[in-house]
Amino acid sequence: LANSVEPVVEVDAPVQNQGAGFAPNVLPAALWLGAGIIAFLFNVRVMPRHAQDFPQGAQFVGKIMVPAAVVTVQALLLLLAVTVLLKIHIHDLLALVLTLGVSSLTFLAIVFALTRALGDAGKALAMLFLAVQLSSSGGVLPVELSGGIFAHISPWLPMTWVVQAIKASMFGAYDSQWIQPMLQVAAAGVVATLMA
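Residues numbered from 1 in each chain as written. Predicted model: local features only at pLDDT ≥ 70, side-chain atom pairs only at ≥ 80, totals over all residues. Heavy atoms only, no water.

Considerations on the confidence of the model for the chain
Part 1 of the argument: Overall, the prediction assigns the chain a mean pLDDT of 87, with 97% of residues at 70 or greater.
Part 2 of the argument: Mean pLDDT values for the elements of the chain range from 74 in helix 5 (residues 143-146) up to 94 in helix 3 (residues 93-118). (pLDDT = per-residue confidence, 0-100. Helix = DSSP H or I, 4+ residues; strand = E, 2+ residues; numbered from the N terminus.)

What follows is the structure in structure tokens.
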């Protein structure tokens, strides 16, 4: 009986090696850390005297433009590291570029909102939020195996959708459906921007 069944293994989304398989978890973590470091480098709560009479929208744009440029450059450097240095074959390069760009700006908006609302405590909360998201995003191991609260909060965390979009764009996982998760990440970024 033990030899009566032969399983058939079908590879739906081929991955070059185990290291490449960890990229969908490492890339969002790097983007979040970059956004967190920006919050430590730029004081987002203090407005220069000459800008205090500007409209609130102008103040926000003035505060976020340089950090947004920095995290966008970081996303491009990560893309270069993945494609040039690590030579990971990318299923859909444009999708990965858009996913990394939108994700970096969304993460910046979330960290920005937390910092504007809570000050230094917001920065600490952003780093704690990173740890929770890494455990709940399904990047390293399927969230179904994490169980408990992680499985329940996973659909509500932006990093879950970033991981899914990166897997879809890098390897063709989820039938290459990267647009829907990327739009969910973008929606989180819009909400965080409005809150900031």
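More follows now that the structure is in view.
Thoughts on the packing of helix 3 against helix 4 (residues 120-136)
Part 1 of the argument: Between helix 3 and helix 4, the shortest axis-to-axis distance is 6 Å and the interhelical angle comes to 145°. Both helix 3 and helix 4 take part in a crossing whose hand is right-handed. Where helix 3 abuts helix 4, its residues I110, V111, L114, T115 and L118 lie against D120, A121, G122, K123, L125, A126 and F129.
Part 2 of the argument: In terms of residue class, the contact of helix 3 with helix 4 is built from eight nonpolar, two polar and two charged. (Axes fitted to C-alpha atoms, helices over the stretch in contact; angles between N-to-C directions. Left-handed = near helix turned anticlockwise from the far one by under 90°. Contact = heavy atoms within 4.5 Å. Nonpolar A, V, L, I, M, F, W, Y, C, P; charged D, E, K, R; others polar.)

A short note on the packing of aromatic side chains
Part 1 of the argument: The tally for this structure, following the rule as stated, stands at three aromatic pairs.
Part 2 of the argument: Aromatic side chains W32 and F129 sit 5.4 Å apart centroid to centroid with 75° between the ring planes, which places their arrangement in the edge-to-face category. Of this pair, W32 sits in helix 1 (residues 18-41) while F129 sits in helix 4; the two residues are 97 residues apart in sequence, bridging distant segments of the chain.
Part 3 of the argument: In textbook terms, an aromatic cluster arises when at least three aromatic residues are bridged by ring pairs, as seen for W32, F107 and F129. (Phe/Tyr/Trp six-rings, centres within 6.5 Å; stacked < 30°, edge-to-face > 60°.)

Structural notes on the packing of helix 3 against helix 8 (residues 179-195)
Part 1 of the argument: Packing of helix 3 against helix 8 leaves a shortest axis separation of 8 Å and a crossing angle of 30°. The orientation of helix 3 with respect to helix 8, classified from their angle, is roughly parallel. The way helix 3 lies across helix 8 gives a crossing that is left-handed. Here L98, T99, V102, S103, T106, A109, I110 and A113 of helix 3 lie close against helix 8, whose contacting residues are M182, V185, A186, A188, G189, A192, T193 and M195.
Part 2 of the argument: Of the residues assigned to the contact of helix 3 with helix 8, the class counts are 11 nonpolar, five polar and no charged. (Parallel < 35°, antiparallel > 145°, perpendicular 65-115°, else oblique.)

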